[in-house]
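Each chain is listed here by its residues.
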Amino acid sequence: MDLPNQIAALGRLCGIAPEYLDNFGVKRHTPLATYQALLTAMEVPWEDPEKLSREIAQRRLRPWAGLVNELTLVFSDSGPNRIIISPWTPTANLPPMRVHGKIKDETGGESTWEVILPASPPLARRVVNDHILGPGFRSRAELPLPGGLQPGYYDLVLEVENAGRVERGETRLVVAPSRTYAPPCLAQGDKLWGLNLPLYALRSDRNWGMGDFADLREVIDWAGELGAAFVGVNPFHARLPGEKADPSPYSPSSRIFRDILYLDPEDIPEFKDCQAAQTLGASPETQALLGRLRAANLVDYAAVYRLKRQVLGLLYKKFRERHGAPENPRTARGREFARFVETGNLLLLRFGQFNALANFLGGNDWRVWPREYQHPENPAVDAFSRQHRDEIHGQLYFQWLVAGQLDAAQAQARKQGLPFSLYQDLALGAHAGGAETWAHPHLFAKGADMGAPPDAFNPGGQNWGLPPLIPERLRQEGYRLFIDTLRANLPPDGLLRLDHVMGLFRLFWIPQGQSAKAGAYVHYPAREMLGILALESHRQRTLIIGEDLGTVPPRVRRELARRGVLSYRVFYFERTADGHFKNPKDYPRNAVAAVTTHDLPTLAGYWQGEDIRLKTTLGLYPQPHLAEEETAARVRDRELLLEASGLGRRDCGDGGQGSAQAGKPGPPASSPSLAPPPPTPNIEFEDKGEAEASVDFCPEEVRFGVLEYLARSQAALLEVRLEEIFGVPWQQNLPGTTTQYPNWRRKFPLTLKEMRQNPAAPRLAAKLRKYRGGGG
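Conventions adopted
- Numbering of residues starts from 1 in every chain and runs along the sequence as written.
- Confidence filtering applies because this is a predicted model: local features only for residues at pLDDT of at least 70, side-chain atom pairs given and counted only at 80 or more, and all residues used for totals across whole chains, interfaces and linings.
- Values shown for side chains rest on all heavy atoms present in the structure; no hydrogens or waters enter the calculation.
- Helical segments are the DSSP runs of H or I of at least four residues, strand segments are the runs of E of at least two, and each set is numbered from the N terminus.
- Throughout, radius of gyration means the C-alpha value; the globule benchmark is 2.2 Å times the number of residues raised to the power 0.38.
- Type-normalised accessible area, obtained with a 1.4 Å probe on protein chains alone, sets the label of each residue: buried when under 20%, exposed when over 50%, and partly exposed for intermediate values.
- Contacts are assigned to residue pairs with any non-hydrogen atoms lying within 4.5 Å of each other.
- Pairing between strands is defined by DSSP: at least two bridges between the two strands are required.
- Geometry is summarised by axes, namely lines fitted to C-alpha atoms with helices restricted to the contacting stretch, and by angles between N-to-C directions that run from 0 to 180 degrees.
- Any two of the Phe, Tyr and Trp rings considered here, Trp counted by its six-membered ring, make a pair once their centres fall within 6.5 Å; the pair's planes then place it as stacked at under 30 degrees, edge-to-face at over 60, or tilted in between.
- Any Lys NZ or Arg CZ found within 6 Å of a ring centre and within 35 degrees of that ring's normal is scored as a charge over the ring.
- Here the word oblique covers every angle except those under 35 degrees (roughly parallel), over 145 (roughly antiparallel) and from 65 to 115 (roughly perpendicular).
- Three classes are used: nonpolar for Ala, Val, Leu, Ile, Met, Phe, Trp, Tyr, Cys and Pro, charged for Asp, Glu, Lys and Arg, and polar for all others, with Gly counted as polar.
- To estimate how far a helix should extend, the number of its residues minus one is multiplied by 1.5 Å.
- In these notes, a set of buried Ala, Val, Leu, Ile, Met, Phe, Trp, Tyr and Cys residues joined through side-chain atoms within 4.5 Å is what counts as a nonpolar core.

### A word on the overall build of the protein
Piece 1. Helix and strand counts for the protein stand at 24 helices and 26 strands.
Piece 2. By the compact-globule yardstick of 28 Å for 776 residues, the protein fits well, its C-alpha radius of gyration being 28 Å.
Piece 3. For the C-alpha atoms alone, the extent of the protein along its principal axes is close to 90 × 70 × 55 Å.
Piece 4. Here the protein holds 776 residues, and 58% of them are scored as buried.

The structure is reproduced here in structure tokens:
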């Protein structure tokens, strides 16, 4: 085998796919340079021909290297549990074997059993030269496990006696349900609807410049009044510390911990006792700043961070004075915090260390820190922690506050009678220089980013700038980080949407510094990750939704459905072969129906062609003809939208109700015209601190007609974004842009109070109730 073929063979052994079928039906082959770059990112040696040959040989033998794999998954509801073992034997057939097993559960409880396996032909075998047992065979056999194993994680130790020799092996045993959790209301056939919104975009008369957990509680109350079943939100993952952090909730510092900017400072118990914080908050300067922050059309994250961080520092000082440090608490509240710190263990400590180091060093990217601080186990980090214990404890205190206010929001949902406590979103990855990668540096690839190949909405592909997890290293650690991430994000009795759920099967890796066209897919151990997902979802009684948009092989959707993961069906993409929108009856039951996502145009923006204008202006089309083709297609889509909304070809003007104007309903609606829409007003991205001009981009009857169309579908859940209720034309994120567009910063034109007073939402709710139930 020549060198290029050897490199490709090693790449395939490491999970790199040799080819893929893109969204246009074109087969793309993985070039040699991509294999080389991705192997380097995985830290797999390939440059030296001798090491390359040795690496290939070792990887081919790895499945036969021992008695059992390092991790074994069985399904608790699939009949008698059996695992595959590969004992060493001196002959080709399996002799009689005595197997002694010891199993330890998560509480430390142990049990043993013994079984005699009769002589039998192997399921498969391979000639080996074991470094201890010598030349012979590895032969596959089934080993029955003890009955009654409950779903959970176990440590399994096996000893196998055959031919006068004893072989020992250990495995992490995962016993999981075969399907993720399904709540009784959906199991009995109910169809429900709920709201979804970017929490940071909420305006209110009392928040500090961006939506917070107090606003979330009010939205939950509102949802209960409307008869909605859930409230969905953007990810609350912890952003990088400091003023200049990336505002994207999908590029967080850590997915295990949360963003302190969503805290309502005035709802923290210490605020009522802290004169310094109250004085700061009531000062004319702070009140003037709050007025500007509330009036702004864009979230000023830097100003919000400075103000809230200053107040939180004062509150922690008051807490420490009254309740003591976690190692020596003096009150019941102090002991509650101490328990939080103890339960958080090393994960929480590492997060606190990272944030404290970032503040101390004046930079929130560990890759540019002095070398002695770049690894959490370095002696310098330990010395820093001893010297700055109080600062670290303050970071842990902030996380404790966030957990408390988020719990209160979920309790509010239960009080309102919503079937689901909260609908949360889990980002695919974490920032390359953030707390998550610093705490687990060996798990993440270096020199590659995650992204997506070119498709119709993003002709140049997407590079998300996030480092991918190395599949084999994640598995070698028993999926510990994956489990911890799920546990931190699964809302009890709620819903969790997994962004880019195909990442459980494969991820598109792009060599750093290259375009998405140079990328390739890397496969992940989907069966085991889906099993762990099912186990953790049952423990929290959380319904799982998989965002399965983009380039999705049919087998992936089939497997997700088989495992009980709801598909995420976006109206724009659900088309028949001739381009029409699918009939509602053709939507699958096991799905969430939605008009759009945060990365796509709102319905008003789609109607107006706002996304096309923006992409043209910002040069996001790699070829000019693509903009022309999409413009022509959009004219036809406007007609199809009228068809879907039940308005047909009736000819009248562009009036509408419920537009986002001063919180008041618009004039009585008339049926919209199919004439080309008026040009979109120029949107100034600099925030001038004045009310944003509001235009009725898409008539209410079209928006509500499309939502009613989806409400009639077979999909179990319908997601209604606030932008669709009030005709907001601007999407929250424009893929392919950074500073060219105010991603993750746009606020709603109306305050939360004005939205609640506007009759648009009750009008829509009345339409949806004809087809779907809810809560409240």
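We are not done yet, so read on.
### Details of the side chain of H393
Piece 1. As for its position among the elements, H393 is in helix α12 (residues 389–416).
Piece 2. According to the relative accessible area criterion, H393 is buried, its value standing at 11%.
Piece 3. Excluding anything up to four places from it in sequence, H393 contacts Y316, P326, E327 and F337.

### What about the sheet that holds strand β3 (residues 71–75)?
Piece 1. With mixed pairing, five strands are arranged side by side in an open sheet as β3-β12-β11-β6-β7. What marks the edges here is a single partner per strand, and that holds for β3 and β7 (110–117). The average angle at which neighbouring strand axes cross in this sheet is 30 degrees, direction not considered.
Piece 2. Pairing of strand β6 (residues 97–104) with strand β11 (residues 152–162), which is carried by seven bridges, proceeds in the antiparallel orientation.

### Observations regarding the packing of aromatic side chains
Piece 1. Applying the stated criterion across every chain yields a total of 29 aromatic pairs.
Piece 2. Considering the side-chain rings of F319 and Y397, the 5.0 Å spacing of their centres and the 40 degrees angle between planes classify their relative orientation as tilted. Here F319, found in helix α9 (residues 301–323), pairs with Y397, found in helix α12; they are 78 residues apart in sequence, far enough to count as distant.
Piece 3. On the accessibility criterion, F319 (0% relative accessible area) is buried.
Piece 4. For Y397, a relative accessible area of 0% translates into the label buried.
Piece 5. Judged by centre distance (4.1 Å) and plane angle (15 degrees), the rings of Y572 and Y606 are stacked. Placement of Y572 in the loop between β24 (566–570) and β25 (591–594) and of Y606 in helix α18 (residues 603–608) is noted, with a sequence separation of 34 residues between them. As far as burial versus exposure is concerned, Y572 and Y606 are alike and both buried.
Piece 6. Ring pairs connect the aromatic residues Y316, F319, F337, Y397, F398 and W400, which therefore count as one cluster.
Piece 7. Taking NZ or CZ as reference, R140 lies 3.8 Å from the ring centre of W64, over its face.
Piece 8. Of note, R506 hangs over the ring of Y521, and the distance from its end group to the ring centre comes to 3.6 Å.

### Notes on the packing of helix α7 (residues 275–282) against helix α8 (residues 284–295)
Piece 1. In contact at an axis separation of 5 Å, α7 and α8 are set at 60 degrees when each is read in the N-to-C sense. When the axes of α7 and α8 are compared, the pair comes out oblique. Across the interface between the two elements, L280, G281 and A282 from α7 touch P284, T286 and Q287 from α8.
Piece 2. Partitioning the contact of α7 with α8 into residue classes produces three nonpolar, three polar and no charged.

### A closer look at the pairing of strand β9 (residues 134–139)
Piece 1. As defined by bridge partners, strand β5 (residues 88–89) adjoins β9 across two bridges and the pair is classed as antiparallel. Residue pairing for β9: T89 is matched across the bridge by F137.
Piece 2. Summarising the sheet, strand β8 (residues 125–130) and β9 pair through six bridges and their orientation is antiparallel. Note that in β9 the partner of N129 across the bridge is P135.
Piece 3. The antiparallel pairing of β8 with β9 creates a hairpin that spans three residues between the two strands.

### Focus: helix α16 (residues 526–540)
Piece 1. Compared with the 21 Å implied by 1.5 Å per residue over 15 residues, the 21 Å span of α16 between its first and last C-alpha is a close match.
Piece 2. The buried count for α16 comes to 11 of 15 residues, which makes it a mostly enclosed element.
Piece 3. Remark: R541 follows α16 within two positions and exhibits a positive phi of approximately 55 degrees.

### Digging into the nonpolar core
Piece 1. Core analysis: the largest hydrophobic core is formed by 200 residues, its most contacted members being L216, Y397, F420, W509, F571, L717 and I725.
Piece 2. Aside from chain neighbours lying at most four places away, what touches L717 is L186, L192, F230, F420, L495, L543, L566, A591, V592, A593 and R772.

### With respect to the packing of helix α10 (residues 332–361) against helix α11 (residues 379–387)
Each pair of packed helices can be summarised by the angle the axes make with each other and by the distance between the axes.
Piece 1. Close contact between α10 and α11 brings their axes to 11 Å; oriented N to C, the two are set at 85 degrees. Taken together, α10 and α11 sit at an angle that is classed as roughly perpendicular. Residues Q353, A356, L357 and F360 of α10 lie in contact with α11, whose contacting residues are V381, F384 and S385.

### Here's the deal with the sheet that holds β5
Piece 1. Across the sheet, three strands lie side by side as β5-β9-β8; this open sheet has antiparallel pairing. If you trace the sheet from one side to the other, it starts and ends with β5 and β8, each paired once.

### Structural notes on the environment of A214
Piece 1. Among the structural elements, A214 can be located in helix α5 (residues 213–226).
Piece 2. Classification of A214 by relative accessible area gives buried; the value is 12%.
Piece 3. Sequence spacing of A214 and Q405 is 191 residues, and the spatial spacing of their C-alpha atoms is 8.0 Å.
Piece 4. Setting aside chain neighbours within four positions, we find A214 in contact with R206 and D264.

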